Amino acid sequence: MRKQVSRLFASLLAVAVCATISYLYLTGLSKLKIIKDQENLKDKKYVEASITLKTSNYGKEIYEVKASKDVVYTNMLYQEVVEEKIKNQQSNTTDFNHPFMIYNPYGTNKNSLNIYFETKEEQEVEYTVKVEGLPDFSRTLKNEGENNLTKNHAYQIIGLVVGKKNNLLLKLKDNNGTVVEEKEWTVDLTSIKPTVATKLKQKTGTSKEELSDGLYVMFGHDKAYNANNYLYDNEGVLRSELILDGYRSDRIIFLENSMIYSNQEQEFIKVNRLGKIEKRYSIGDYVMHHDYILDEENENLIVLANKKGASTIEDRVISLNLNTGKVKELIDMKDYLKKFHDIATVPEKNTYGGTELDWIHLNSLDIINGKDLVLSSRELSTIIYMEDVYTNPKVKYIITDDSTLEKTDYQNLNYQKIGDFVSQAGQHTITYEKKEGENKYYLYMYNNNYQGARTRPDFNWKNYKGTGTYEKGENSYYYKYLIDEENKTYELVEKIVLPYSSIVSSVEHVDQHFVTSSGMSHCFNEYDQEGQLIKEFQYTSKKYAYRIFKYTFNNIWFS
């Protein structure tokens, strides 16, 4: 019996040893394969062999990119190889009647078609997308040539509707604006399923003014980690979908005829007018959140960021130089408003389910004169003005209700309120607006009118009459303050009633209008200069959209 047990034990041991050796061998092979695959993605010849341009099912003369699964669009060699293959294809002379057309070649724009051809004379192109049951979409395309005229035509056409058959009409115009030739193609995108609504519900307001020119860009629809940038026209039709790689964008920065926006939580990409990724920027040991802006004077992006591994979140500001790619931490708010940090209560979990202390929750910012920042703190319902952020950062002043400053020694920093109104609560998209006159300017914002602060559970909101909770509230507001630095005062000079949104919201000036987003109410609106509603757009969502801004995309796609 003992011999049998010994034999059984020896057999089991042998099997276990063999299994372990096999596992280690296979694991080793797997690791070697991963390393080899990673090396392959750096090998241009491998990437070239992995990419082909083939005719598609989208139309008779329309091509598409076919690539092996490991060669993804964010690979810079992918971008380079696709560009070279398109140029090689163009070497077979193409004219207006037989252009080279390819669907979304660089992988960055789901609703796009790139088109290339040559003309004997310098001309410009106007196009119209026609879809049955939807309004037409017409634009004049942007050229590199003087007066928007060229012989070498290369464009990314947007406005196509996925899930539909599109008729694309192109018109060639001479230098007098006269149409000299036109042609129409069918672009069949019925095989591509839309990820969000292709047409939004709308409500017309009392204003008789026309909507401003541009496309509404929906950022962070539903979940920050599961959203692309969705572009809607003035008829509420989805005209473009800028594809992201796992993280939302907070806004689009326009620079040198290119677009810069966040693509991953630690990465920005620079995309040209044809959709090609020209550059990728990493922010190193930081993770972005909520907002970033362009400091044109210093050619930096200023980014709200978390430091990986830190015990606090949403309390740092970094810079990313767009020339060198260098990242620098500019501000750790604990160094400047430490008392707020010290009196904060650590909740069981923060807003994101983690244990890091979210004591200030910076959610937007703006740059002033290339050296000062105005910051919005949702957790403290406080606006913070920081000066000399590159060289000697310090808090110049704050704007908040006096009750927020209890148990601190920051009363001397707080500007005096002029007039009888409730100060901002849980505000977003703080924005600087210059005013003629020394030491006076405006700050405007989306005042959520929200009384939420996880790290201040005992705070008394009695001075914030009319504020709502996370799930329920009567109204949010557009607020515009006049700041007087000489007298250290702030005064409410403009107010517009908005649909309530406790969090996730935005407001911006577009021409003389106001474009607002009320995420928790699942709508975005445009108002005239008197604050009268022109139109409201309503969308469906399990949660919300983070914010909506409106851009013309002139000098990118359109002239």
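Everything that follows concerns the structure shown earlier in this document.
Residues numbered from 1 in each chain as written. Predicted model: local features only at pLDDT ≥ 70, side-chain atom pairs only at ≥ 80, totals over all residues. Heavy atoms only, no water.

(A) Here's a closer look at the environment of Q266. Summarising the element assignment, Q266 is placed in the loop between β14 (258-264) and β15 (267-271). Judged by relative accessible area, Q266 falls into the partly exposed class, the value being 22%. Distance from Q266 to D285, taken between C-alpha atoms, is 8.2 Å for residues 19 residues apart in sequence. Discounting residues that sit within four places of it in the chain, Q266 has contacts with Y281, S282, I283, G284, D285, Y286, V287, M288 and K308. (Helix = DSSP H or I, 4+ residues; strand = E, 2+ residues; numbered from the N terminus. Buried < 20%, exposed > 50% of the residue type's maximum accessible area, 1.4 Å probe, protein only. Contact = heavy atoms within 4.5 Å.)

(B) Seen up close, helix α3 (residues 76-90). The end-to-end C-alpha separation of α3 is 21 Å, in line with the 21 Å expected for 15 residues at 1.5 Å each. All of the buried residues in α3 are L77, Y78, Q79, V81, V82 and I86. Taking the backbone nitrogen of L77 as reference, a side-chain oxygen 2.7 Å away marks N75 as the first, capping residue of α3. (Expected span 1.5 Å × (residues − 1). Polar contact = N/O pair within 3.5 Å; in protein donor to acceptor, adjacent residues only side chain to side chain.)

(C) Up close: the layout of surface pockets. In this structure, the largest pocket spans a volume of roughly 970 Å³. Lining the largest pocket we find 38 residues, and of these H290, E314, T351, Y352 and H361 sit closest to its centre. Where the lining of the largest pocket is concerned, the elements lending two or more residues are β17 (286-295) and β18 (300-307). Here the lining of the largest pocket takes 4 residues from β17, the largest share from any one element. Reported here for the second largest pocket is a volume of approximately 700 Å³. For the second largest pocket, the lining is made up of 25 residues, of which R251, I253, I293, L294 and D366 are closest to its centre. Elements with a contribution of two residues or more to the lining of the second largest pocket: β13 (253-255), β17, β21 (362-368), β26 (428-434), β30 (505-510) and β34 (547-551). A total of 4 residues in the lining of the second largest pocket trace back to one element, the largest contributor, which is β30. Its residues assigned to classes, the lining of the second largest pocket comprises 13 nonpolar, 5 polar and 7 charged. (1 Å grid on protein atoms, 1.4 Å probe; cavity = no way out; pocket = protein on both sides within 12 Å on 5 of 7 lines; lining within 4 Å. Points joined across faces, edges and corners; volume = space filled by probe spheres on them. Nonpolar A, V, L, I, M, F, W, Y, C, P; charged D, E, K, R; others polar.)

(D) Layout of the side chain of T119. Residue placement: T119 occurs in strand β4 (residues 112-130). Looking at T119, its side chain comes within polar contact range of the main-chain oxygen of E121, at 2.7 Å. There is a polar contact of 2.9 Å between the side chain of T119 and the side chain of H153. In contact with T119, not counting residues within four places along its chain, are T150, K151, H153 and L172.

All quantities given are derived from atomic positions and should not be read as evidence of function.
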